[in-house]
Amino acid sequence: MPQDTEQARLTTVTDDTFAATVLASTRPVVVDFWAEWCPPCRAVSKHLAELAEEFGDALLFAALNSDENPATTRAYGVMSMPTLLVFRGGEVVGSIVGARPKNHLRLSFARHLEG
């Protein structure tokens, strides 16, 4: 769940902007599917904001409120919060379901930059 300070580091996407922002991106994109009612989403959002700083321009970090954007949430079969999907070239190349420690997230995302 993006907070105000974290929001600046995470690009907000919606059903309407998802294709242009995520699928058409020339760099890998991590999309955080979150919901207001999800306590673990808050911790993950904080980790993502910090990792966005670390990864800089190598990765785009985006947040999608699943309750407000059900079409995209359904299209990718997201059933649990938080869910992180990694996109490269418009395709899902990785996923993490549930809250994970920041170091686990860092290592997972770094693998998507290799090769």
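Analysis parameters
Residues numbered from 1 in each chain as written. Predicted model: local features only at pLDDT ≥ 70, side-chain atom pairs only at ≥ 80, totals over all residues. Heavy atoms only, no water. Pairing = 2+ DSSP bridges. Helix = DSSP H or I, 4+ residues; strand = E, 2+ residues; numbered from the N terminus. UniProt positions renumbered as here; feature names shortened; annotations may be inferred. Contact = heavy atoms within 4.5 Å.

Undergrad: Please provide a residue-by-residue account of the sheet that holds strand β5 (residues 91–97), values included.
TA: Through backbone hydrogen bonds, the strands of a sheet pair up, either in parallel or in antiparallel fashion. Taken in spatial order, the five strands make up an open sheet running β1-β3-β2-β4-β5, and their pairing is mixed. The open sheet has two free edges, formed respectively by β1 (11–12) and β5, since each of these has just one partner strand. Inspection of the sheet shows β1 paired to strand β3 (residues 60–65) by two bridges, in the parallel sense. What sits directly across from T12, in β3, is A63.

Undergrad: Could you give an account of the UniProt feature "active site" (unreviewed entry) in the protein, with specific residues and numbers?
TA: Here the UniProt-annotated "active site" (unreviewed entry) positions come out as C38 and C41. Within the fold, C38 resides in the loop between β2 (29–34) and α3 (39–55). For C38, the residues in contact, after removing those within four places along its chain, are M81 and P82. Its place among the elements puts C41 in helix α3.

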